[in-house]
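# Coordinate inspection notes
Residues per chain, in single letters:
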Amino acid sequence: MAEAEQSSDKKTSKPDPIIQLIVFRLGSEEYGLRIEQVKEVTLTPEIARMPKTPPFVKGIANLRGDIIAIIDLEQRFGLRSFEEELPALSYTLAIEAKDYTIGIVVREVPTPLSIPASSIEKAPEFIQDININDKYIEGIVKVDSRIIIVLDMMKLLTPAEIMQLQTR
């Protein structure tokens, strides 16, 4: 009788939704963003430096007619010194939020990855507590021997930083 109940439970449970991530490397770690947060991936356009911006803001760039702020997450997360420059060839992930679009610079071509939604494990609280902002790490994904830190780009920047980046 117990086996029959278990098999009927399996039929009524919803299948685990599949999530698409865009995976990229910062420093020696892998990070991922949900694909719906990424508008496009392109070669990094020419960047014009802007005065009075935080060091992790590389400047602004023209991306298909839109002027966007270009952010270096390696510097933001302290994974690279401020003096060290980006390589000549890099890629930019255009991230579109409600009030702004920003570009995230990465060194290597980002790759897509499909995972079941249940494979994103909640990040331990002690990791979340030390972050600059309010819980921008969505979770951790383990795929074979890889560990991918999933970011929520909508929570990465503080309201004050967003105000600095909005172009008038």
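Residues numbered from 1 in each chain as written. Predicted model: local features only at pLDDT ≥ 70, side-chain atom pairs only at ≥ 80, totals over all residues. Heavy atoms only, no water.

### Brief notes about the confidence of the model for the protein chain
The predicted model of the protein chain has a mean per-residue pLDDT of 81, with 76% of residues at 70 or higher. Within the model, the stretch residues 4-9 combines pLDDT values under 50 with zero contacts to residues more than four positions away or in other chains. (pLDDT = per-residue confidence, 0-100. Contact = heavy atoms within 4.5 Å.)

### Structural notes on the packing of aromatic side chains
Evaluated as defined, the whole model comprises three aromatic pairs. Relative to Tyr31, the ring of Phe24 has its centre 6.4 Å away and its plane inclined at 20 degrees; by these criteria the two rings are stacked. For Tyr31, a relative accessible area of 7% translates into the label buried. Relative to Tyr136, the ring of Phe77 has its centre 5.6 Å away and its plane inclined at 0 degrees; by these criteria the two rings are stacked. Residue Phe77 is found in the loop between helix H2 (73-76) and strand E6 (91-96), and its partner Tyr136 is found in the loop between helix H3 (125-129) and strand E10 (137-143); the two are separated by 59 residues along the sequence. For Tyr136, a relative accessible area of 5% puts it in the buried group. Chaining the aromatic ring pairs together yields one cluster made of Phe24, Tyr31, Phe77 and Tyr136. (Phe/Tyr/Trp six-rings, centres within 6.5 Å; stacked < 30°, edge-to-face > 60°. Buried < 20%, exposed > 50% of the residue type's maximum accessible area, 1.4 Å probe, protein only. Helix = DSSP H or I, 4+ residues; strand = E, 2+ residues; numbered from the N terminus.)

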